[in-house]
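For reference, the chains in residue letters:
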Amino acid sequence: MEKIYIPRLLKMPEQKEEIALNHQISGLDSLTPVRGFFQVAHRGNFLELQLQAHTILTLTCDRCLQSFNHRLEVDTSEIILLKEEEPLLSYPLEREIISEDLSETLPPDGELIMDEWIYEQLSLAMPLRILCGNDCQPPAIESQQHSTIKDDRWSSLVSLLNQNN
Ligand SMILES: [Zn+2]
């Protein structure tokens, strides 16, 4: 997992680092590696992060419960303020409050864990409601009216059920 030591960026040309991405991101169960481009630039009292990346995930449709492949794409940027952490804020409970804050911060002599940030951005880009995109139906078992099932694959089952009624 790539860690970027923040003061090191100041010694880089234009105070920035560009990284081509082509690897699995820990915690993200993707079919393909995350591919794309990551850039972090040191701007004195803040970091400017940019990400253009894509990968393919296998998701389960919320409606029909079938698995399908989804192409996840992000093109995003974020500012992370550089400031010393106050000792009080290092308690886990306090951290949770801080994470609700609009702007993220890192200590100026700290490290940026690239994959963690990328994982966050990809998670934020996930669809809120996961639908396979087909004109899908809920599974038959949840359907109360057998005769309304339109999927041809179920037709023999439907006629069997209707015979029994
Ligand atoms: Zn579906």
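Look up: the structure comes first, before these words.
Residues numbered from 1 in each chain as written. Predicted model: local features only at pLDDT ≥ 70, side-chain atom pairs only at ≥ 80, totals over all residues. Heavy atoms only, no water.

In this section: the nonpolar core. Considering soluble globular proteins, one finds that nonpolar side chains tend to be buried as a cluster. The biggest cluster of nonpolar side chains holds 32 residues, and the ones touching the most others in it are F38, L47 and I118. Within the residue set of this core, elements represented by two or more residues are α1 (6-9), β2 (16-23), β3 (34-42), β4 (46-60), β5 (67-82) and α3 (114-124). If one sorts the elements of this core by residue count, β4 sits on top with 6 residues. (Core = buried A, V, L, I, M, F, W, Y, C linked by side-chain atoms within 4.5 Å. Buried < 20%, exposed > 50% of the residue type's maximum accessible area, 1.4 Å probe, protein only. Helix = DSSP H or I, 4+ residues; strand = E, 2+ residues; numbered from the N terminus.)

As a further point, take the coordination of the zinc ion. Within the first shell, the zinc ion binds the protein through C61 (SG), C64 (SG), C132 (SG) and C136 (SG), at distances of 2.3 to 2.4 Å. Overall, C61 belongs to the buried group, its relative accessible area being 1%. Take C136: its relative accessible area is 12%, and that puts it in the buried class. (Donors = N, O, S within 2.8 Å, 3.2 Å for Na, K, Ca; no water.)

Attention now goes to the sheet that holds β5. If you trace the 5 strands from one edge of the open sheet to the other, you get β2-β3-β4-β5-β6, paired in mixed fashion. Sheet topology places β2 and β6 (104-106) at the edges, where each strand pairs with a single neighbour. The sheet shows a mean angle of 25° between the axes of neighbouring strands, direction not considered. Relative to β6, β5 is paired through 3 bridges, and the arrangement is parallel. Bridge pairing in β6 places I80 opposite E104. (Pairing = 2+ DSSP bridges. Axes fitted to C-alpha atoms, helices over the stretch in contact; angles between N-to-C directions.)

Okay, the side chain of E78 next. Within the secondary structure, E78 sits in strand β5. Engagement of the side chain of E78 in a polar contact is seen with the side chain of W117, the distance being 2.5 Å. (Polar contact = N/O pair within 3.5 Å; in protein donor to acceptor, adjacent residues only side chain to side chain.)

In this section: the environment of A125. Within the fold, A125 resides in the loop between α3 and α4 (155-164). Along the backbone, A125 and E73 are 52 residues apart, and their C-alpha atoms lie at a distance of 7.4 Å. Contacts of A125, omitting those with residues within four sequence positions, involve L72, E73 and V74. (Contact = heavy atoms within 4.5 Å.)

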